[in-house]
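# A structural walkthrough
Each chain, written out:
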There are 2 protein chains.
Amino acid sequence: MAAAPVWSVDPRTGNPREQVAVEATAEEVDRAVRAAHAVRGALADRTVRAAFLRTAADLLAEAQEHVIEAADAETALGPARLTGELARTAAQLRAFAEVVDEGAYLDIHIDHEDGSRTPPWPDLRRYKIPLGVVAVYAASNFPLAFSVPGGDTASALAAGCPVVVKAHPDHPATSEICASLLRRAAARHGLPEDVLTVVHGFEAGVELVKHPLVSAAGFTGSIRGGRALFDAAAARPTPIPFHGELGSLNPVVVTEAAATERAEQIGAGLGGSMTMGAGQFCTKPGFVFAPSGEAGDQLLKSLTETVSGTGAGVMLDHRMREAFVQGVAERAALPDVEAPVTPGAGGEHTVSAGFLTVPARRLAQEGPHDALLEECFGPVTVVARYDSADEITAVLSRLPGNLTATLQIATEEADGSAAGLLAELTPVAGRVLVNGWPTGVAVAPAQHHGGPYPATTSTSTSVGATAIERWLRPVSYQSTPEALLPAELREDNPQNLPRRVDGRRV
Amino acid sequence: MAAAPVWSVDPRTGNPREQVAVEATAEEVDRAVRAAHAVRGALADRTVRAAFLRTAADLLAEAQEHVIEAADAETALGPARLTGELARTAAQLRAFAEVVDEGAYLDIHIDHEDGSRTPPWPDLRRYKIPLGVVAVYAASNFPLAFSVPGGDTASALAAGCPVVVKAHPDHPATSEICASLLRRAAARHGLPEDVLTVVHGFEAGVELVKHPLVSAAGFTGSIRGGRALFDAAAARPTPIPFHGELGSLNPVVVTEAAATERAEQIGAGLGGSMTMGAGQFCTKPGFVFAPSGEAGDQLLKSLTETVSGTGAGVMLDHRMREAFVQGVAERAALPDVEAPVTPGAGGEHTVSAGFLTVPARRLAQEGPHDALLEECFGPVTVVARYDSADEITAVLSRLPGNLTATLQIATEEADGSAAGLLAELTPVAGRVLVNGWPTGVAVAPAQHHGGPYPATTSTSTSVGATAIERWLRPVSYQSTPEALLPAELREDNPQNLPRRVDGRRV
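An unreviewed UniProt entry lists chain A under the name Aldehyde dehydrogenase (NADP(+)), with Streptomyces glycanivorans as the source organism.

Here it is, written out as structure tokens:
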């Protein structure tokens, strides 16, 4: 059987651009994983790893023009957005180099022998070691920041884990270019290129998560695809951690006072956030509580103006475009649902942004309107009009987990009176915002990009320094002679690492 | 249908002692979980939680006589061992009170707004919040330290999570006594008693892990039982973290030089460790690499003397006794397997300790001898005689994951020459010991009690301060006004917590 070709496709026309690869067979996946496993020891040196990550960032920045051209051609995300994404991706690689240099992620604990304890404590020294080969499933909507050179890859390499990336079919050319940059960066530091490889094809992705030498997986994508891989990871003879970011509605609550204070500004901000990148952000605000009555009407008027003024957008591929058109049509057909700006098909290859409204009370119990509580990927949001705070509470309690939840409050509510609403939003999200918009995820140490299922399949984050924790496991050495200890755990701390010794930070 | 009675049984005779409870129906499990969920807010105050844990330790210590009498009557573990276990359990509760007081587990990160970043960073503040109701599955072999008042319960309550314990059928009376002590301790601090409840029955345990309001589970037990619950946790509509400690072979490598230096001491130490508590420790050394030839023969002679001198032991229940008798008989019947001291049935209610030997080369490839690479609960170990280091490597690479791995080396090998062997043991275990024995697990910050599957189903530990991490998830607050922030994240740090602000520890 001939190998299935992998084509780069132009979503602006639906036409194939070029064949960039072939789908990996089970044997090829096996070979890639074995090759990665074989070179895992090469990543043991923290100094080399940090330098490798910095060189990867440099090479990515140097190749900017070429990378962005390819990425734009096969994703239609546009040069401006992709320029920002490339800068962010390079910054992520550098940020993880800093994390590696600092070494706090090793979480070193040393407890000296203590005969005064009952029973006595032996000398115990713990740090974290890499899990092994990590499988990364690239996202459709971030061809760089959540794909081959993205946060999962950067954090796994930073942890000392070789990576096999399952490329996303929406940007195979970009994936190949980025893989060759990363492999070149590895070679510059004397590392085997096989510390990172890319495979293509749906079946290859399934093989990958089942491979006995794959130790963990990171995923960004749909609930259906992510759950299938999560299930496969859990069903293995030896289950592995599966850190998947699957889907999120990202609810927004606009208080009556907030709508009264600045209906226009909130409507415009919401319209900008939900249509950004053709609504293809995992943090798109997809569900909004707005008050009934005049203030809410004003907000909707402003939202209508903003969304109406948004030009037709190109989605990442035609399958997504069709899912969007069908998804909004089904939702719009529900009783009591209106579409002040009708979302749907734009031109032959585009979509039009829009939004739906529904009385919040329609969502207080299980029913056909529950479709409105499911993420619809693309430029649409659902505005639930509420008559009372009780209706907000009732619907919030029925929401699945989210990456974010946003509260829009009036100036005077910042005095503490909105604390109750904040407390209601916290259980359903991993990041809670006040008077901001959830699109845009700062790569900061205090960031958390994750949330209750299905936002993520674990309690981890895929953005920020602590993303490295996903690819490590602790190991303790007991009563181990100094000369046999890893350098990180030696008494004289030759690598000058932050450690907790006998309970105290040093 | 009448409720199924739960009997406390004396393993020394097999006779029922008393009926202590009835098995919980699905409705009763539902009621217990809902009650726990309803009171979760009561655990929000760290000061109260710490005081509650200390009072729980006090009440347990005060009730020592009563608790140990019940535990000994239904487990036959003996007053000496149980006195130690009770002290350890009380110490665990107090240690987690200290963890709560200190607050480092909250992992607070604050990044102030930074407009110099591209894109700009908003104000972000992250800490960890409790997951919700935790299900704890008690262990057979630690009626206190890994059961109702044990580490899973203590760490979950410390995290702020209410707990529903599925009691182990081997010690229902002890479970009920301990539950009433913990509930009394809660009440003393004005906490609802439902922050901890106990349910009995196999089906109740299955219902518990499937309950929509259960957020995470901790388990200590067999591979079969633990894997079934792990699978149920993963198959839920909303999967939950399942931290299971399932089984471990705990390999020991004795170098030729070590055997030459102190054959007698190693044999005696091994014999003591593997027969301790009738071989019913999860850290029992169950597989030992010993050299062929004279030094190894001397070691076996010493082991034979120690094990022969061990009296018959009572196992935790008769089902375990039968599994042990059958398990050792099947293993002993394999070709080339010998039994210098035959393990098996002792008296009507007891077992005899023993050990088996096998040439290590028999285990280098898949075959019927793989049964020797599976844990056999009870007082038996398998000694694999090796002719070369290559044989050790070949067999180590085939071992499942372990809680511990032990290296016995000679004095001169501590100079660094044994580093290669240590590096081979690290991938298969969570704790690596040199010249010690794995039974005995210090409750220290640097402890790690966990390991690659099936030792644990996650990368977490069930012993030591970091066990609390299992029951928490991070949440970030973005651009949130001071008056709306949780106290832990306020600028003036009113609770004086350790935090990382703009990348620096304060």
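### Focus on the side chain of T350(B)
Residues and elements named next belong to chain B. By the element assignment, T350 lies in the loop between strand 13 (344-345) and strand 14 (351-352). With a relative accessible area of 16%, T350 lands in the buried category. Looking at T350, its side chain comes within polar contact range of the main-chain nitrogen of G347, at 2.5 Å. When near neighbours in sequence (up to four residues on either side) are disregarded, T350 contacts A312, G313, V314, R321 and A345.

### Some words on the pattern of salt bridges
Residue and element names in this part refer to chain B. Overall, the coordinates contain 42 salt bridges over all chains when judged by the stated rule. Between R94 and D58 there is a salt bridge, and its shortest N-O distance comes to 2.8 Å. Placement of R94 in helix 4 (residues 79-102) and of D58 in helix 2 (residues 46-62) is noted, with a sequence separation of 36 residues between them. A relative accessible area of 34% means that D58 is categorised as partly exposed. A salt bridge links D152 to R470; the shortest N-O distance between them is 2.8 Å. Of this pair, D152 sits in helix 5 (residues 151-159) while R470 sits in the loop between strand 18 (429-434) and strand 19 (472-478), and the two are 318 residues apart along the sequence. Exposure class is identical for D152 and R470. Each is buried.

### Looking at the sheet that holds strand 4 (residues 124-130) of chain A
Spatial strand order, 21(A)-20(A)-3(A)-4(A)-19(A)-18(B)-17(B)-10(B)-11(B)-16(B)-15(B)-12(B): 12 strands in an open sheet with mixed pairing. Of all strands in the sheet, those bounded by a partner on one side alone are strand 21 (504-505) of chain A together with strand 12 (338-341) of chain B. Where strand 10 (residues 251-254) of chain B and strand 17 (residues 402-408) of chain B come together, three bridges link them in parallel fashion. Following the sheet pairing, V252(B) is matched in strand 17 of chain B by T406(B). Its contacts with the sheet place helix 10 (residues 294-308) of chain B against strand 10, strand 11 (287-291), strand 12, strand 15 (354-359) and strand 16 (380-386) of chain B, and it is angled at close to 160° to strand 15 of chain B.

### What about unusual backbone geometry?
Of the consecutive residues Y453(A) and P454(A), the connecting peptide bond is found in the cis state with omega at 5°. By the element assignment, P454(A) lies in the loop between strand 18 (429-434) and strand 19 (472-478). For N250(B), which is not glycine, the phi dihedral falls at a positive 55°. Using a relative accessible area of 0% as the deciding quantity, one classes N250(B) as buried. Positive phi, close to 50°, is recorded for D502(B), a residue that is not glycine. Mapped onto the secondary structure, D502(B) falls in the loop between strand 20 (499-501) and strand 21 (504-505).

### Observations concerning the interface of chain A and chain B
Residue-level contacts link 65 residues of chain A with 65 residues of chain B. Together, A446(A), Q478(A) and L484(A) form the three largest contributors to the area buried by chain A at its contact with chain B, with a combined 12%. Joining chain A to chain B, the criterion identifies two salt bridges. At the level of elements, strand 3 (108-111), strand 4, helix 8 (223-235), helix 13 (419-425), strand 18 and strand 19 of chain A are the ones that each hand at least two residues to the side of chain A that touches chain B. At seven residues, the largest contribution of residues to the side of chain A that touches chain B is made by strand 19 of chain A. Looking at the side of chain A that touches chain B residue by residue, the class counts come to 37 nonpolar, 14 polar and 14 charged. As paired strands, strand 19 of chain A and strand 18 of chain B are joined by three bridges and run parallel to one another.

Cut-off values and rules
Residues numbered from 1 in each chain as written. Chains lettered and ligands numbered in written order. Predicted model: local features only at pLDDT ≥ 70, side-chain atom pairs only at ≥ 80, totals over all residues. Heavy atoms only, no water. Helix = DSSP H or I, 4+ residues; strand = E, 2+ residues; numbered from the N terminus. Buried < 20%, exposed > 50% of the residue type's maximum accessible area, 1.4 Å probe, protein only. Polar contact = N/O pair within 3.5 Å; in protein donor to acceptor, adjacent residues only side chain to side chain. Contact = heavy atoms within 4.5 Å. Salt bridge = Lys/Arg side-chain N within 4 Å of Asp/Glu carboxyl O. Pairing = 2+ DSSP bridges. Axes fitted to C-alpha atoms, helices over the stretch in contact; angles between N-to-C directions. Buried area = accessible area lost by both parts, 1.4 Å probe. Nonpolar A, V, L, I, M, F, W, Y, C, P; charged D, E, K, R; others polar.

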